Amino acid sequence: MKDKLNTLRKKEIKAKEGGGIERIKKQHAKGKLSARERVHLLLDANSFEEIGMLVTHRTKDFGMGKQIFYGDGVITGYGTVAGRLVYVFAQDFTVFGGSLSETHAEKICKIMDLALQNGAPVIGLNDSGGARIQEGVRSLGGYADIFYRNVLASGVVPQISAIMGPCAGGAVYSPAMTDFTIMVENTSYMFVTGPNVVKTVTNEVVTAEELGGASTHSTKSGVTHLSTADDVDCINHIKSLLSYIPQNAEEKTPRIPYELRDETRAQLSSIVPENVNHPYDMRDVVKGIVDQDTFFEIHPAYAENIIVGFARIAGRSIGIIGNQPMALAGCLDVDSSKKAARFVRFCDCFNIPMMVLVDVPGFLPGTNQEWNGIITNGAKLLFAFSEATVPRVTLITRKAYGGAYDVMNSKHIGADMNYAWPSAEIAVMGAKGASEIIFRKEIKAAKDPAKKLAEKEKDYASKFAHPYRAAERGFIDEVINPDQTRIKMIKAFNMLQNKVAKLPKKKHSNIPL
Ligand code: HXC
């Protein structure tokens, strides 16, 4: 009996070493932590319960019968982060390059099923050479089993993917279907076809880093939501992200106790410049409204003309969507519409109230935008806001022009409370453009057309370059002084905390994908 137990204990130790100490050292030499180190760093001390530690693959082909590693290249289980339950899998690159076998996939599916049944987030730490080549279609089937569960779990429990090594081929589609993807700079990459295939097919010469590294995906493609400096930074970002989101779609957004004090924020009064054409950083507005140091930006380097992220206001977690006058004057374009629409849908899935900050001169004009489908893509954001049933509060800081006024969480598409600063301008378009169109004949016939245009512009601006027309119609609930914005927002979100809104009965809607 004792011998048997010793043998079992040895198996367990072997499982914990993954592919062996030497291989872990190689992993460290690349600047990467081992899979087990990552899991322990993520979870609260002593909270990890491993599932399937002694699972092995079932392949006999290609001499695989002689290469057995307990755990089969993935560590799976559950534990807590800041005391809240999470399910986790961490691929172990030291075992067959973390490649996905049938049993490796079964282990991941098992924790995904548990997460779905028990209502807690799934966190995947990806570091894998892709489908286990020796297993052929069985590993492809394993991937599809995971993909299927990604979709079933979508909107039920949050799913977060960290890319901490290779992630190539069809394997990229699991992270792509999760809610957030976080990559590690220099040690991770994601692509459907690697540099060699790219060279063969298109003759392009590109490195793995250029093709699918963290900086590429956090700036150009938007595939990753966050780019992090190293494994530790990546795991810290996962922990921060989790702190803002509920465990599942049945739960309310997390809330930290907060007592009201003087909530006046004088700094908000001096952010919008006198000259309406001068930019300012919408992040300053966000920081002036939310609790100190709580803004957690998502996609900070991608489609910078819109900012999205989480924050806390009086302790309550909220989602923020704001036009950014610092980039493309805050115009909506294809990428910013997609970025914001996806974020809005996440917030709505998980009961996270939204605060929308508006300073938008319109949609970005040009052939590039039209040919890349600004119509369909802009519609995504309009659709996402219109469909959202969580509390939705809007503040117009400056421009709200044209269709973009409607899109940016206007009252007409279901926003609950709409505020404007006195500097807000709500109109079909800016005073100059509008005057040039509607007074064209008069301006042309004038002795001094430039003077006439200036006169008309002034007249138009006095009629429309303010929020009061909209307030008269009830499209704006209140024109507020900037320094009072924080308290107004706190009160509005408190008032809306028990909001119940239902969409008409349907199987699901048909968002313009
Ligand atoms: C089996 C694999 C493997 C795989 C790596 N290994 N990938 N074993 N199946 N997919 C093994 C290697 O043989 C090696 O074993 C060990 O893992 C480490 O790999 P190295 O090549 O030494 O590491 P490195 O130099 O860091 O290169 C990593 C790599 C490379 C770039 C990921 O291993 C690689 O290109 N692997 C193949 C990638 C691939 O084509 N995968 C299939 C993609 S298609 P030893 O014993 O020698 O140390 C796909 C389809 C999914 O995934 C479809 C879903 C629908």
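Above this note sits the structure.
Draft legend 1. Structural context of helix 12 (residues 334–349). Taking 1.5 Å per residue as the helical rise, helix 12 with its 16 residues ought to reach 22 Å, and the 23 Å between its terminal C-alpha atoms agrees with that figure. Listed in full, the buried residues belonging to helix 12 are V334, S336, S337, K339, A340, A341, F343, V344, F346, C347 and D348. Taken from the residues just after helix 12, N351 is the one with a positive phi, measuring 60 degrees.

Draft legend 2. Quick look at the environment of E12. In this fold, E12 is placed in helix 1 (residues 2–17). Considering only alpha carbons, one finds E12 and D230, 218 residues apart in sequence, at a separation of 29 Å. With residues up to four places along the chain from it excluded, the contact list for E12 reads M53 and L54.

Draft legend 3. Spatial organisation of the packing of aromatic side chains. Under the counting rule described, the total for this entry stands at 12 aromatic pairs. Measuring from ring centre to ring centre gives 5.1 Å for F310 and F343, while their planes differ by 55 degrees; the resulting arrangement is tilted. With a gap of 33 residues between them, F310 in strand 11 (residues 306–313) and F343 in helix 12 connect regions that are remote in the sequence. The same class applies to F310 and to F343, which are both buried. Here the aromatic rings of F346 and F350 are separated by 5.0 Å at their centres, their planes lie at 45 degrees, and the arrangement is tilted. F350 shares its class with F346; the two are buried. Among the aromatic residues, those joined into a ring-pair cluster are F180, Y244, F296, F310, F343, F346 and F350. Between the NZ or CZ atom of K32 and the centre of the ring of F93, over which it lies, the distance is 4.7 Å. Its guanidinium or amino end placed over the ring of F464, R469 lies 5.2 Å from that ring's centre, counting from NZ or CZ.

Draft legend 4. Summary view of the environment of I321. With respect to the helices and strands, the residue I321 is situated in strand 12 (residues 316–323). Residues I321 and K399, 78 residues apart in the sequence, show an inter-C-alpha distance of 15 Å. Dropping the residues within four chain positions of it, I321 is found in contact with I306, I307, V308, A340, F343, V344, M354, M355, V356, L357, F385 and M408.

Draft legend 5. Focus on the site of the ligand. Residues in contact with the ligand amount to 20 residues; listed here are only the nearest, R23, G97, G129, A131 and I133. Here K30 contributes a side-chain N or O atom positioned 3.3 Å from an oxygen atom of the ligand. A distance of 2.7 Å separates a nitrogen atom of the ligand from a polar atom in the backbone of G129. In isolation the ligand exposes 1,000 Å². Once the protein is present, 54% of that is buried. Those elements that provide at least two residues to the shell around the ligand are helix 5 (137–153) and strand 6 (166–168). In terms of residue count, helix 5 provides more of the shell around the ligand than any other element does, three residues in total. A class-by-class count of the residues in the shell around the ligand yields 11 nonpolar, six polar and three charged.

Draft legend 6. Region of interest: the pattern of salt bridges. Within this structure, the stated rule accounts for 25 salt bridges. Ionic pairing is found between D127 and R38, a salt bridge with its closest N-O pair at 3.0 Å. Note that D127 is positioned in the loop between strand 4 (122–126) and helix 5 and R38 in helix 3 (residues 35–42), a separation of 89 residues in sequence. Assessed through its relative accessible area of 0%, D127 is described here as buried. The closest approach of N and O atoms between D113 and R149, which form a salt bridge, is 2.8 Å.

Draft legend 7. Broad picture of the sheet that holds strand 9 (residues 226–228). Here seven strands make up an open sheet; going across it, the order is 1-2-3-4-5-7-9 and the pairing mixed. Of all strands in the sheet, those with a lone pairing partner are strand 1 (49–51) and strand 9, marking the two edges. Across the sheet, the mean angle separating the axes of adjacent strands is 20 degrees when strand polarity is ignored. Across five bridges, strand 4 lies against strand 5 (residues 159–163) in parallel orientation. Considered in strand 5, the bridge of L125 is made with A162. Across the sheet, helix 3 is in contact with strand 1, strand 2 (74–81), strand 3 (84–91) and strand 4; its angle to strand 3 comes to roughly 165 degrees.

Draft legend 8. Broad picture of the pairing of strand 11. For strand 11, the tally of buried residues reaches eight of eight residues, placing the bulk of the element in the interior. Burial along strand 11 is two-sided: the face carrying I306, V308, F310 and R312 and the face carrying I307, G309, A311 and I313 are both buried. Looking at chain direction, strand 10 (residues 296–298) and strand 11 are connected through three bridges and run antiparallel. Bridge assignment links E297 to a residue of strand 11, and that residue is G309.

Draft legend 9. Structural detail: the packing of helix 12 against helix 14 (residues 374–387). One can describe the packing of helix 12 onto helix 14 by two numbers: an axis separation of 8 Å at closest approach and a directional angle of 20 degrees. The pairing of helix 12 with helix 14 is recorded here as roughly parallel in orientation. Note that helix 12 runs across helix 14; the crossing there is left-handed. Within the contact between the two elements, helix 12 uses V334, S337, K338, A340, A341, V344, R345 and D348 and helix 14 uses I374, N377, G378, K380, L381, A384, F385 and E387. Along the lines of polarity and charge, the residues of the contact of helix 12 with helix 14 split into eight nonpolar, three polar and five charged.

About the thresholds
- Residues numbered from 1 in each chain as written.
- Predicted model: local features only at pLDDT ≥ 70, side-chain atom pairs only at ≥ 80, totals over all residues.
- Heavy atoms only, no water.
- Helix = DSSP H or I, 4+ residues; strand = E, 2+ residues; numbered from the N terminus.
- Expected span 1.5 Å × (residues − 1).
- Buried < 20%, exposed > 50% of the residue type's maximum accessible area, 1.4 Å probe, protein only.
- Contact = heavy atoms within 4.5 Å.
- Phe/Tyr/Trp six-rings, centres within 6.5 Å; stacked < 30°, edge-to-face > 60°.
- Lys NZ or Arg CZ within 6 Å of the ring centre and 35° of its normal.
- Near = heavy atom within 4 Å.
- Polar contact = N/O pair within 3.5 Å; in protein donor to acceptor, adjacent residues only side chain to side chain.
- Areas by Shrake-Rupley, 256 points an atom, 1.4 Å probe, with all protein chains shown as cover.
- Nonpolar A, V, L, I, M, F, W, Y, C, P; charged D, E, K, R; others polar.
- Salt bridge = Lys/Arg side-chain N within 4 Å of Asp/Glu carboxyl O.
- Pairing = 2+ DSSP bridges.
- Axes fitted to C-alpha atoms, helices over the stretch in contact; angles between N-to-C directions.
- Parallel < 35°, antiparallel > 145°, perpendicular 65-115°, else oblique.
- Left-handed = near helix turned anticlockwise from the far one by under 90°.

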